[in-house]
Amino acid sequence: MNTKFIFMTGGVVSSLGKGLTMASLGLLLESRGLKISVLKLDPYLNIDPGTMNPFQHGEVFVTDDGAETDLDLGHYHRFTNAIISKKSNATSGQIYDSVLKKERKGDYLGSTVQVIPHITDEIKSRIKDSYASQKDIDVVLIEIGGTVGDIESLPFLEAIRQFKHEHSGDCINIHLTYVPYLKAAGELKTKPTQHSVQVLREIGIIPDLILCRCENPLPQDIKEKISLFCSVDVSSVFDEPDIDTTIYEVPIKLSEEKLDQKVFELLKLPLQPSNTTKWDEMLFKQKNPKQCCTIAIIGKYIAHQDAYKSVFEALNHAAFENETNLTILPIDVESLCDDDAIEKALENVNAVLIPGGFGARGFENMILVAKYCRENTLPYFGICLGMQILAIEFARHVLDLKDANSTEIAKNTPHPVIALLSEQEVITNLGGSMRLGSYECSLKKGSQTHNIYKLDEITERHRHRYEFNALYKEKFEEKGLIMAGTLKNNFLCEILENSNHPWMIGVQFHPEFVSKPTKAHPLFIDFVKTALKVKCSPKLQMAARFE
Ligand code: GLN
């Protein structure tokens, strides 16, 4: 059987949830026995999102092989079993970069290098390359970022038009649009969808299936109207209404609509029975919590709802596992400028998580938060920057190393407890040059973290330039801050834990990137489990938190 291809474009407006919808479809195809691969094509010119401000782009999702990719890849990871690697995300920047490098090498000698055919050929070869190293892929799902009609997505649309022409019978185009309800007129409006399909048709792409995002289910006559005006069979017009429960319900809703069955039919694939048992069990746990707790995420990019996407989701997964109704309280660290503000903000919070981050803004406030958590036995989970904060706070206030700092913040600090990784000293380019991707870590036997993982060695993903300065190891350990994990066969610190605190753990890596709703991460599971034991109480009773 030939490999099949599903292309998904978006129309009308951005933020329709293309990634989530595609990931949900991927799950449904897998649940019917297909092996899938995924590719996200991003029209922007950055080589990758690694150098973009989280306020602009949201989270950067890091793969095992060290690629900094679009956060939609996180959805694919959480919903499907597809292998996510640097081949799973291509940007215009990468496409142009490789065409221009070939031009300099003389590969196109004699020809004028143009968008068509050179850029479009490169896009097509990236599509092929995205799954080439994987065996027996049945379906490749390709999501085109941006909105149809954008200037920068044109080469991608032309490339998929050509691809479909060259692989006729093996490709379908799904167009995700928006059907707004105009309150004043009391009407659903199909015109934006008609226009966006018209733009696609001008390029030579006729959608095989239209998926309409909407507030409420669409009546049949609206589907018929879209079908007529867009030349798409009415049985191929689907709606995807807003869901007010959980994003993990999206695949189930789409399968109730029989979207997956239609896709099988359009791709001329024999329909196989569906098995979503594991997913259903996870949803059941999520919907039937037995207890509740509140965890604060204290970060500097809180204003962007997707800046800590995987951290939020990893906490949710751990909550499902603990049958817990978890409230995540995002707090902008800049609002926590003194002890009073911290005490007030954390009054009803069972635990605190400080996620990754870069630069000085909010740094000192994070140290105050870590101090508060240490002194008040509030569970603290530090991820990457959060681990570095844990170390600096401990150095300043327990070891009495005044002005201890990270050299990221204070180059000439007298006590550089966090310092630039030696391999980083020679690096001048900012893009793609951090310590990235998966590394093996050995856990210290008998440590709290070892007990949580129940493993001697783990593999976790990284994205950082600075490290714990091993020269301070003994001083820290004497006072109870233990180096519970190190890079395998190396002294590089991966995990710090405070042995005088019920749960104060910092990890230099990003465990959130591997968590799945059906397979929560052990550290997050244990963190939520501990948070559940914490009593929220006024300051005077803080010492009794764990009684
Ligand atoms: N800024 C810190 C570093 O580069 C932490 C990075 C992070 O939190 N991802 O080491």
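The rules behind each value
- Residues numbered from 1 in each chain as written.
- Predicted model: local features only at pLDDT ≥ 70, side-chain atom pairs only at ≥ 80, totals over all residues.
- Heavy atoms only, no water.
- Near = heavy atom within 4 Å.
- Polar contact = N/O pair within 3.5 Å; in protein donor to acceptor, adjacent residues only side chain to side chain.
- Areas by Shrake-Rupley, 256 points an atom, 1.4 Å probe, with all protein chains shown as cover.
- 1 Å grid on protein atoms, 1.4 Å probe; cavity = no way out; pocket = protein on both sides within 12 Å on 5 of 7 lines; lining within 4 Å.
- Sits in = over half its atoms within 2 Å of the grid points.
- Helix = DSSP H or I, 4+ residues; strand = E, 2+ residues; numbered from the N terminus.
- Nonpolar A, V, L, I, M, F, W, Y, C, P; charged D, E, K, R; others polar.
- Axes fitted to C-alpha atoms, helices over the stretch in contact; angles between N-to-C directions.
- Parallel < 35°, antiparallel > 145°, perpendicular 65-115°, else oblique.
- Contact = heavy atoms within 4.5 Å.
- Salt bridge = Lys/Arg side-chain N within 4 Å of Asp/Glu carboxyl O.
- Buried < 20%, exposed > 50% of the residue type's maximum accessible area, 1.4 Å probe, protein only.
- Points joined across faces, edges and corners; volume = space filled by probe spheres on them.
- Pairing = 2+ DSSP bridges.

S.K.: Is there a simple way to think about the site of the ligand in this case?
M.R.: The environment of the ligand is made up of Gly356, Gly357, Phe358, Cys384, Leu385, Gln388, Glu408, Arg463, His464, Arg465, Tyr466 and His510. Contact distances for the ligand include 3.0 Å between an oxygen atom and a backbone N or O atom of leucine 385. Between the ligand and glutamine 388 there is a distance of 3.1 Å, counted from an oxygen atom to a side-chain nitrogen or oxygen. Protein burial of the ligand: of its 300 Å² of free accessible surface, 99% is covered by the chains. With respect to the detected pockets, the ligand is housed in the second largest pocket. Only helix H15 (385-397) and strand S19 (457-464) provide two or more residues apiece to the shell around the ligand. A class-by-class count of the residues in the shell around the ligand yields four nonpolar, five polar and three charged.

S.K.: So what exactly am I meant to see when it comes to the packing of helix H14 (residues 363-375) against H15 here?
M.R.: Helix-helix packing: each pair is described by the crossing angle between the helix axes and the interaxial distance. Running from amino to carboxyl end, H14 crosses H15 at an angle of 70°, the nearest separation of the two axes being 9 Å. The orientation of H14 with respect to H15, classified from their angle, is roughly perpendicular. Residues Phe363, Glu364, Met366, Ile367, Ala370, Lys371 and Arg374 of H14 pack against Leu385, Ile389, Ile392, Glu393, Phe394, Arg396 and His397 of H15. Its residues assigned to classes, the contact of H14 with H15 shows eight nonpolar, one polar and five charged.

S.K.: Hey, could you run me through the pattern of salt bridges in this one?
M.R.: Side chains that differ in charge, positive against negative, can pair when their charged atoms come close. Counted according to the given criterion, the structure contains 36 salt bridges. Where aspartate 129 meets lysine 87, a salt bridge forms, and the shortest distance between an N and an O atom there is 3.7 Å. With aspartate 129 in helix H5 (residues 115-132) and lysine 87 in the loop between helix H3 (72-79) and strand S5 (89-91), the pair connects residues that are 42 residues apart, well separated along the chain. Lysine 87 sits in the partly exposed class, given a relative accessible area of 28%. Across the pair lysine 473 and glutamate 477 runs a salt bridge whose closest N-O atoms are separated by 3.4 Å. Taken as a pair, lysine 473 and glutamate 477 lie in helix H17 (residues 473-478) at a separation of four residues, close to a single helical turn. Given a relative accessible area of 32%, lysine 473 falls into the partly exposed group. Judged by its relative accessible area of 21%, glutamate 477 is partly exposed. By sharing partners, the salt bridges in this structure join Lys40, Asp42, Asp70, Asp72 and Glu143 into a single network.

S.K.: How should the environment of glutamate 347 be read in this particular structure?
M.R.: Considering the arrangement of structural elements, one finds glutamate 347 in the loop between helix H13 (339-345) and strand S14 (351-354). Separated by 189 residues in the primary sequence, glutamate 347 and cysteine 536 have C-alpha atoms spaced 6.7 Å apart.

S.K.: It is not clear to me how empty space enclosed by the protein should be interpreted in this structure. Could you clarify?
M.R.: To find leftover empty space, one rolls a probe the size of a water molecule over the atoms. What the rule picks out here adds up to one cavity of 30 Å³ or more. Looking at the largest cavity, its volume works out to about 40 Å³. Surrounding the largest cavity, Thr9, Gly10, Ile144, Gly145, Gly146, Thr147, Val148, Ser153 and Leu157 form its lining. A per-class count over the lining of the largest cavity returns three nonpolar, six polar and no charged.

S.K.: Sorry, what's going on with the pairing of strand S2 (residues 36-42) here?
M.R.: Counting buried positions over the seven residues of S2 gives seven, a clear majority of the element. Here S2 shows a buried face lined by Ile36, Val38, Lys40 and Asp42 and a second buried face lined by Ser37, Leu39 and Leu41. Bridge count for S2 against strand S6 (residues 139-144) is six bridges, and the pairing is parallel. Following the sheet pairing, leucine 41 is matched in S6 by isoleucine 144. With three bridges connecting them, S2 and S5 associate as parallel partners. The residue of S5 that forms the bridge with leucine 41 is alanine 90.

S.K.: What's the story with the sheet that holds strand S20 (residues 466-468) in this structure? I'm lost.
M.R.: Strand pairs in the sheet, formed through backbone hydrogen bonds, run parallel or antiparallel to each other. Spatial strand order, S16-S17-S20: three strands in an open sheet with mixed pairing. The open sheet has two edge strands with one neighbour each: strand S16 (405-406) and S20. As judged from the three bridges shared by strand S17 (residues 416-420) and S20, these two strands associate in the antiparallel manner. Looking at S20, one finds that leucine 420 is bridged to tyrosine 466.

S.K.: Please explain the sheet that holds S6 as it appears in this structure.
M.R.: Here we have seven strands laid out as an open sheet, ordered S5-S2-S6-S1-S7-S10-S11, and parallel in their pairing. Edge positions in the sheet fall to S5 and strand S11 (237-241), since each of these pairs with one other strand and no more. Each strand axis lies, on average, 20° off the axis of its neighbour in the sheet, ignoring direction. Contacting strand S1 (4-10), S2, S5 and S6, H5 crosses the sheet at an angle of about 145° to S2.

S.K.: So what exactly am I meant to see when it comes to the layout of surface pockets here?
M.R.: Reported here for the second largest pocket is a volume of approximately 600 Å³. In terms of lining, the second largest pocket is formed by 30 residues, of which the most central are Tyr301, Gly357, Phe358, Met434 and Arg463. Listed by contribution, the elements that provide at least two residues to the lining of the second largest pocket are H15 and S19. In terms of residue class, the lining of the second largest pocket is built from 16 nonpolar, nine polar and five charged.

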